[in-house]
Amino acid sequence: AQEEASAGRDSPGKSALRELKEMSTSGGPAPADGRSPNVPANFKVLIHALLCPKVAPQVCQMDGCQSMKRLLQNLEEHTRTCPGAQQLDGSDNPCATCSKWKQMGQLREHYRKKLIAHTR
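On a predicted model such as this, the values are computed, not experimentally measured, just so you know.

1. Quick look at the overall build of the protein
In terms of helices and strands, the protein carries five helices and zero strands. In the protein, the order of α-helices and β-strands from amino to carboxyl end is α-α-α-α-α. Classification of the 120 residues of the protein by burial places 27% in the buried group. Across the protein, every contact between residues at least 6 apart in sequence was considered, and the portion connecting residues at least 24 apart equals 45%. Taken as a whole, the protein presents about 8,400 Å² of accessible surface, with 52% of it coming from carbon and sulfur.

In structure tokens form, the structure reads like this:
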């Protein structure tokens, strides 16, 4: 009975992973400013949240940044307790949430480098 009760609930990490997937893949109307309509609207929020320097108590004014940061924080917290997180050194990781967190770190680094190159 306890397994059935826990099977209906997602862990915070799995819940964050599902929400992150939904937010980063939800499209929207094609942008009027000529940007590519293939880039999901929330992908911009994801990249911004990964790079945003504002931390509590400061609040970022970009729509969606705070909620995306909470999702990313849930992913990060999951990796602190997940046994699969020990495999983030490059070996196959059976935990989808930990794997997604690793991808978020790689994405953050990629766009951080692009931002630095752009400012030179």
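Now that the structure is up, let's keep going.
2. Thoughts on the side chain of Lys69
As for its position among the elements, Lys69 is in helix α4 (residues 65–81). Within the buried core, Lys69 has no salt-bridge partner, and the shortest N-O distance to an opposite charge, that of Glu76, equals 11 Å. In this view, Lys69 contacts Ala49, Cys52 and Lys54; residues no more than four positions away in its chain are not counted.

3. Looking at α4
Quick reminder: α-helices carry 3.6 residues per turn. Residues three or four places apart thus point the same way. Over its 17 residues, α4 extends 25 Å from the first C-alpha to the last, a length consistent with the 24 Å expected when each residue adds 1.5 Å. Listed in full, the buried residues belonging to α4 are Cys65, Met68, Lys69, Leu71, Leu72, Leu75, His78 and Thr79.

4. Details of the pattern of salt bridges
Oppositely charged side chains can pair when the atoms bearing their charge come close. Using the criterion set out here, one finds two salt bridges in the structure. Between Glu76 and Arg80 there is a salt bridge, and its shortest N-O distance comes to 3.5 Å. Taken together, the positions of Glu76 and Arg80, both in helix α4 and four residues apart, correspond to about one turn of that helix. By relative accessible area, Glu76 is classed as partly exposed at 31%. The closest approach of N and O atoms between Arg112 and Glu109, which form a salt bridge, is 2.6 Å. Taken as a pair, Arg112 and Glu109 lie in helix α5 (residues 96–119) at a separation of three residues, close to a single helical turn. For Arg112, a relative accessible area of 35% puts it in the partly exposed group.

About the thresholds
- Residues numbered from 1 in each chain as written.
- Predicted model: local features only at pLDDT ≥ 70, side-chain atom pairs only at ≥ 80, totals over all residues.
- Heavy atoms only, no water.
- Helix = DSSP H or I, 4+ residues; strand = E, 2+ residues; numbered from the N terminus.
- Buried < 20%, exposed > 50% of the residue type's maximum accessible area, 1.4 Å probe, protein only.
- Contact = heavy atoms within 4.5 Å.
- Areas by Shrake-Rupley, 256 points an atom, 1.4 Å probe, with all protein chains shown as cover.
- Lys, Arg positive; Asp, Glu negative; His and termini not counted.
- Salt bridge = Lys/Arg side-chain N within 4 Å of Asp/Glu carboxyl O.
- Expected span 1.5 Å × (residues − 1).

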